Amino acid sequence: MRILVIGSGGREHALCWAIAASPLCEALFCAPGNAGIAEEADCLDIAADDLDAIVGFAERESIDLVVVGPEAPLVAGLADRLEAAGVRVFGPSAAAAALEGSKGFAKDLCRKYGIPTAAYGRFTEAEAAKAYIRAQGAPIVVKADGLAAGKGVTVAHTVEEALAAVDAAMGAGAFGAAGAELVVEAFMEGEELSFFALVDGEVALPLASAQDHKAAYDGDQGPNTGGMGAYSPAPVCTPELERRIVAEILEPTVKAMAAEGRPYKGVLFIGLMVTDEGPKVVEYNVRFGDPECQVLMMRLKSDLLPALVATADGLLKTTDLRWWDDEAALSVVMAAEGYPGAYEKNTEIRGLEAAAEDPDVTIFHAGTGRDADGALRATGGRVLNVTARGASVAAAQAAAYRAVDRIDWPQGFCRRDIGWRAVTREQETG
Ligand code: GLY
């Protein structure tokens, strides 16, 4: 098969790594890719949002499957364009990608179909949003309706903070058109969990559990990021909790999307809060989590490629996935100093070969490029995902940090406590 992956981050590196290992993969391309992906795939000078160029390449090069990593091209209709051109695609239509593209759509769907989530209001007028916030009090969550590159959510601990978030989105236009409408919802107390399933329009196949760390600094302190690390399995996701998530959230969501005439195909990433009342939807995402994808790929025993094809072809009913059940995986994100704020670009990274010598360690690139001399340079905020397998989360954590410590990148930083919840639980249960 000839495969084209869309995207340029650590998630796409992990997908390329898994696809390249498939005996079914004859040629692998990535648009646009990065320096790490270039070791697995032919990287193309095509941006992930250049829909015309992607469709043109796929047709010209007889691509058998396009795997779309990020949400923005899906919300913009890439899957629809590819299907119309007769190219098989892993990823939802624009109508189905509204689950992530419009927070208001997702909340209304939950309300209509009785899927547990926080109480909320939708607003197109700042004054109405503010009145709702004053009436509800804090803590309260203010979300831009549209895609805001992971920055559109404010968890406000005071009413003033929530009012300022409304002004930032609707007055100052901090998120452009994505913030012209807001969802204001009740703050949920509990532990966050990322739940993933492949969905073929009708059938859902849950993947292994994972948890990420969104705060920039140790102790879950500091500004929100795209994710500073992840691990799998997530011990909070007991078999009983998984049964509830599947029965109360995943299956009703898949049925609801079909009933709405927006059958969902692709990977569905449900951000959950595990509350005292049970699991509730925080948000839906129409893509793999990043860096959750990296740890899932490290634990996947089966060939990924046939599962992606079965998802696209509506054949998940006959698909089964095997995992390295007795192994955990953990990924530490190395980011440029200053991220998620301003940071320096093009700083040099050395020592990756030595760091990746341990056979349990794989380093996925999230934001790298090579200069004319072949030196590795940091090109983004999140730059490397140092990922390791081990017999427990604690063992994977130790291996990942041993590798981190061998990387020579003075302008980078990482959290030193990725996986702390799982490691604590492992210690408690012996
Ligand atoms: N790690 C969270 C996300 O991908 O949205």
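Procedures and definitions
Residues numbered from 1 in each chain as written. Predicted model: local features only at pLDDT ≥ 70, side-chain atom pairs only at ≥ 80, totals over all residues. Heavy atoms only, no water. Salt bridge = Lys/Arg side-chain N within 4 Å of Asp/Glu carboxyl O. Buried < 20%, exposed > 50% of the residue type's maximum accessible area, 1.4 Å probe, protein only. Near = heavy atom within 4 Å. Polar contact = N/O pair within 3.5 Å; in protein donor to acceptor, adjacent residues only side chain to side chain. Areas by Shrake-Rupley, 256 points an atom, 1.4 Å probe, with all protein chains shown as cover. Helix = DSSP H or I, 4+ residues; strand = E, 2+ residues; numbered from the N terminus. Pairing = 2+ DSSP bridges. Contact = heavy atoms within 4.5 Å. Axes fitted to C-alpha atoms, helices over the stretch in contact; angles between N-to-C directions.

1. Here we look at the pattern of salt bridges
Working step 1: In this structure the tally under the stated criterion is 33 salt bridges.
Working step 2: Measuring nitrogen to oxygen at the nearest pair gives 2.5 Å for the salt bridge that ties K280 to E277.
Working step 3: Taking relative accessible area as the criterion, E277 reaches 60% and is therefore assigned exposed.
Working step 4: Connected through shared salt-bridge partners, E191, D220, R415, D417, R421 and R425 make up one network.

2. Details of the site of the ligand
Working step 1: Around the ligand sit D212, K214, G226, F269, R287, G289, D290, P291 and E292, and those are all the residues in its vicinity.
Working step 2: R287 has a polar side-chain atom sitting 2.9 Å from an oxygen atom of the ligand.
Working step 3: Between D290 and the ligand, the recorded distance is 2.9 Å, taken from a backbone N or O atom to an oxygen atom.
Working step 4: Computed on the free molecule, the ligand has an accessible area of 200 Å², of which 91% lies beneath the protein chains in the complex.

3. Describing the environment of T318
Working step 1: Among the structural elements, T318 can be located in the loop between α11 (304-313) and β18 (328-336).
Working step 2: At a separation of 3.1 Å, a polar atom in the side chain of T318 contacts the main-chain carbonyl oxygen of L315.

4. Brief notes about the sheet that holds strand β4 (residues 65-68)
Working step 1: Ordered by their spatial adjacency, five strands build an open sheet running β3-β2-β1-β4-β5, and the pairing between neighbours is parallel. At either end of the open sheet lies a strand with only one pairing partner, and these are β3 (42-43) and β5 (89-90).
Working step 2: Strand direction decides the pairing type here: strand β1 (residues 2-7) and strand β2 (residues 27-32), joined by six bridges, are parallel. Across the sheet, I6 pairs through a bridge with A31, a residue of β2.
Working step 3: Contacts between helix α1 (residues 10-20) and the sheet are confined to β1, β2 and β4, with β1 contributing the most and set at about 170 degrees to the helix.
Working step 4: Together, β1, β4 and β5 form the strand contacts of α11, whose direction differs from that of β4 by roughly 95 degrees.

5. So, helix α5 (residues 94-101)
Working step 1: Counting buried positions over the eight residues of α5 gives six, a clear majority of the element.
Working step 2: Looking at α5, one finds that the buried residues are A96, A97, A98, L99, E100 and G101.
Working step 3: Those residues of α5 that are buried are in contact with α3 (71-75), α6 (103-113), α9 (239-259), β16 (265-275) and β17 (278-285).

6. Considerations on unusual backbone geometry
Working step 1: Between A31 and P32 the backbone carries a cis peptide bond, its omega angle lying at -5 degrees.
Working step 2: Structurally, P32 can be placed in strand β2.
Working step 3: One non-glycine residue, S62, lies in the positive phi region at around 50 degrees.
Working step 4: Assignment of secondary structure puts S62 in the loop between α2 (51-60) and β4.
Working step 5: A positive phi angle, near 55 degrees, is found at D220, a position not held by glycine.
Working step 6: Positionally, D220 belongs in the loop between β13 (215-217) and β14 (221-224).

7. So, the sheet that holds β17
Working step 1: In spatial order, the strands read β11-β10-β16-β17; together these four strands make up an open sheet with antiparallel pairing. In the strand order of this sheet, the two ends are held by β11 (204-206) and β17, each with one partner. The sheet shows a mean angle of 35 degrees between the axes of neighbouring strands, taken without regard to direction.

8. Some words on the environment of Y339
Working step 1: Examined against the element boundaries, Y339 turns out to sit in the loop between β18 and β19 (348-349).
Working step 2: When the C-alpha positions of Y339 and W323 are compared, they lie 33 Å apart, and in sequence the two are 16 residues distant.
Working step 3: Setting aside residues no more than four positions away along its own chain, Y339 makes contact with T225, G226, M228, G381, R382 and F413.
Working step 4: Within the structure, the side chain of Y339 is placed 3.1 Å from the backbone nitrogen of G226, a separation counted as a polar contact.

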